[in-house]
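Spelled out, the chains give:
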There are 2 protein chains.
Amino acid sequence: MLDTQSIDIVRTQSLTSLVQREVERLILTGELAPGERINEQHLAARLRVSRGPVREALRGLEKARLVEARVNRGVYVREISVEQALEISEMRGLITGFACARLAAASTAEQRAQLAQLIDAMARAIEAGDAQGYYERNLAFHDALMDYAGNQRAKEMYDALVKESHLGRRKSLFSQRSMAESNAEHRAILDAIRTGDPEAARIAGEQHIVSGRRRFLDALGLVSATRG
Amino acid sequence: MLDTQSIDIVRTQSLTSLVQREVERLILTGELAPGERINEQHLAARLRVSRGPVREALRGLEKARLVEARVNRGVYVREISVEQALEISEMRGLITGFACARLAAASTAEQRAQLAQLIDAMARAIEAGDAQGYYERNLAFHDALMDYAGNQRAKEMYDALVKESHLGRRKSLFSQRSMAESNAEHRAILDAIRTGDPEAARIAGEQHIVSGRRRFLDALGLVSATRG
DNA sequence: ATGCTGTAAACTGTCAACAGTTTGAGTTTC
DNA sequence: GAAACTCAAACTGTTGACAGTTTACAGCAT
């Protein structure tokens, strides 16, 4: 049963939620690959729990769109098509644009300073060639945007979309140039927010996600599905 | 075990999905009221299944934000605060605006004709004082908007938000005047789509949801949380 | 060799039972 | 009379077992 420390957690969290988090981790880190079948018995044995909590957890992940259940055939890590990845990206852009517009209409000096600080940290990470550092701060930047926008629901939807988008992302290593481009867009977003122009901020936010998708496709060596 | 007809369904659908659909229905129709506790045993007995499928179904509904699980205390039909209802409404507006913009950029004559037909049907329902008929066609109109926009993900997010919003809606009977106002906005949306102006369509779509919220609050006799 | 068929293993869907927690009524104590 | 305590009933969380389906493989026919 896991270890002693975990047992205390079991008291306040259900096994289901623990399993759910673990399987989510396995999927997001790629240890469980898209298309792969998830064997309930093996998973249960590995996590030292019975199949009940495992099945419940998988049902939750199904609604979160991370896995897909086929009747009498088990559940599979979801595979997303290019088309679906584009749709997800579009929705991320929509919500990001919303958040940016919100911040342009109402944000505190402290919030703007915090965003500026993250952008500077990203710039330093790019210079240092620290892709991992950039990646983490980029996440923090987008998290901050959603937090400050003040719509909890928007943030949760955004988070869910980001998790789902990991299903389509094979490798997320970007070139220094890509990172620099991306960070320039971060600055553009912050500028628009500072100007207090919601419409410009919205466009900057949406554009950032669109450009991110293009950079990603470029990195894969694919011809972009969108023009340009 | 239900009846013979149902058994055939069981073959292709899991009991879990059947339970999930039934509980969802109970919640959306108000038979299970927000805040109400859902007793697993009673529910299982009532549906003639064991607790396993019931628990799985509830876990799915939890992720869909229709119920809330408290550890060792069971699951409750979710209650949403006014604040949360506003957030949901905002997201509905955002997605509706997106869909309208999309249609302004690209829609077929047939699609526009279909929307026009639904608007006319709503107008007739209003004249006839047929609130139920209006309600259904209104749903159909918004469904059509999302369908035609061509982003499946957007439609699903929208549908989830609509379901969730039912948790906050006690009664959805509107006055003839409200319905007329609402339908005028439908026409405004269609006009903007016909003009081919995405930005105008987006604003019309967003505005429709915002106005809908205001009409709802007015109907409750509350002071609107938003200005105006 | 290749394709088909039948059978056994593996696995999912479902159920019933057990263990631990919460709840509430009844009792006791101050 | 009110608060605290006790204990049993009710309920949730979890488990192990059973039933039916799917899958894979061996054997057989072509």
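Up top is the structure these notes are about.
Bear in mind that the values here come from a model prediction, so they are computed numbers and not experimental data. (Residues numbered from 1 in each chain as written. Chains lettered and ligands numbered in written order. Predicted model: local features only at pLDDT ≥ 70, side-chain atom pairs only at ≥ 80, totals over all residues. Heavy atoms only, no water.)

A.B. asks: What is the right way to read the packing of helix H5 (residues 82-105) of chain A against helix H8 (residues 152-165) of chain A from this model?
C.D. replies: A packed helix pair is summarised by two numbers, namely the angle formed by the two axes and the spacing between the axes. Residues and elements named next belong to chain A. Remark: H5 packs on H8, axes separated minimally by 10 Å, with the N-to-C direction vectors making an angle of 150°. Relative to H8, H5 is oriented roughly antiparallel. The handedness of the crossing between H5 and H8 comes out as left-handed. Between H5 and H8, the residues in contact are Ile88, Met91, Arg92, Ile95, Thr96 and Phe98 and Ala154, Met157, Tyr158, Leu161, Val162, Glu164 and Ser165, respectively. (Axes fitted to C-alpha atoms, helices over the stretch in contact; angles between N-to-C directions. Helix = DSSP H or I, 4+ residues; strand = E, 2+ residues; numbered from the N terminus. Parallel < 35°, antiparallel > 145°, perpendicular 65-115°, else oblique. Left-handed = near helix turned anticlockwise from the far one by under 90°. Contact = heavy atoms within 4.5 Å.)

A.B. asks: Help me understand the nonpolar core in this model?
C.D. replies: Soluble globular proteins: nonpolar side chains tend toward being buried together. Grouped together as the largest cluster of nonpolar side chains are 66 residues, with contacts concentrated most on Val23(A), Ile38(A), Ile95(A), Val23(B), Ile38(B) and Ile95(B). The residues touching Ile95(B), leaving out its near neighbours within four places in the chain, are Leu94(A), Met157(A), Met146(B), Ala154(B), Met157(B), Tyr158(B) and Leu161(B). (Core = buried A, V, L, I, M, F, W, Y, C linked by side-chain atoms within 4.5 Å. Buried < 20%, exposed > 50% of the residue type's maximum accessible area, 1.4 Å probe, protein only.)

A.B. asks: What am I meant to see in the packing of aromatic side chains here?
C.D. replies: Pairs of aromatic rings are described using the distance from one ring centre to the other and the angle between the two planes. The final tally for this structure, using the stated rule, is 0 aromatic pairs over all chains. The lysine or arginine in question, Arg70(A), covers the ring of Tyr76(A), its NZ or CZ lying 3.8 Å from the ring centre. (Phe/Tyr/Trp six-rings, centres within 6.5 Å; stacked < 30°, edge-to-face > 60°. Lys NZ or Arg CZ within 6 Å of the ring centre and 35° of its normal.)

A.B. asks: How do you make sense of the sheet that holds strand E2 (residues 67-70) of chain A when you look at a structure like this?
C.D. replies: Sheets are built from strands paired through backbone hydrogen bonds, the pairs being either parallel or antiparallel. Residue and element names in this part refer to chain A. A sheet is described by the order of its strands in space; here 3 strands give the open sequence E1-E3-E2, paired in antiparallel fashion. The open sheet is flanked by strand E1 (37-38) and E2, the only strands paired with a single partner. For E1 and strand E3 (residues 74-77), the ladder comprises 2 bridges, and the chain directions are antiparallel. From the neighbouring strand, Ile38 faces E3, where its bridge partner is Val75. (Pairing = 2+ DSSP bridges.)

A.B. asks: I would appreciate a short explanation of the pairing of strand E2 (residues 67-70) of chain B in the present structure.
C.D. replies: Working note: regular strand, side chains alternate between the two faces of the sheet. Residue and element names in this part refer to chain B. Here 4 bridges tie E2 to strand E3 (residues 74-77), and the two strands are oriented antiparallel to one another. The residue bridging Arg70 from the neighbouring strand is Gly74, located in E3. In sequence, E2 turns back onto E3 through a hairpin of 3 residues, with Asn72 there showing a positive phi of about 65°.

A.B. asks: Is there a simple way to think about the protein's contact with DNA strand D in this case?
C.D. replies: In the neighbourhood of DNA strand D, 22 residues make up the surrounding shell, with Leu15(A), Ser50(A), Arg37(B), Arg51(B) and Arg55(B) lying closest. Of what DNA strand D places within 4 Å of the protein, 75% of the atoms are sugar or phosphate. Within the backbone of Leu15(A), one N or O atom sits 2.9 Å away from a phosphate oxygen of DNA strand D. At 2.8 Å, a backbone N or O of Ser50(A) approaches a phosphate oxygen of DNA strand D. Going through the elements one at a time, helix H2 (15-28) and helix H4 (51-63) of chain A together with strand E1 (37-38), helix H3 (40-47) and helix H4 (51-63) of chain B are the ones with two or more residues in the surface near DNA strand D. (Near = heavy atom within 4 Å. Polar contact = N/O pair within 3.5 Å; in protein donor to acceptor, adjacent residues only side chain to side chain.)

A.B. asks: In this structure, what is going on with the relation of the copies chain B and chain A? I would like to understand it.
C.D. replies: Mapping one chain copy onto the other needs a rotation about an axis and a shift along that axis. Between chain B and chain A, which share one sequence, the superposing operator has a rotation angle of 180° and an axial displacement of 0.0 Å; the RMSD is 0.0 Å. What the superposition gives is, in effect, a two-fold axis relating one chain to the other. Of the residues that chain B buries at the interface, 100% are likewise interface residues in chain A, meaning the two copies contact each other through the same surface. (Least-squares fit on C-alpha atoms with pLDDT ≥ 70 in both.)

A.B. asks: Looking at this structure, how should I read unusual backbone geometry?
C.D. replies: Excluding glycine, residues mostly carry a negative phi; peptide bonds, for their part, are mostly trans. Residues and elements named next belong to chain B. Its identity as a non-glycine residue notwithstanding, Arg48 has a phi of 60°, on the positive side. Inspection of the secondary structure assignment puts Arg48 in the loop between H3 and H4. The class for Arg48 is exposed, based on a relative accessible area of 54%. In this model, Arg65 sits at a positive phi of 70°, which is unusual for a non-glycine residue. Among the structural elements, Arg65 can be located in the loop between H4 and E2.

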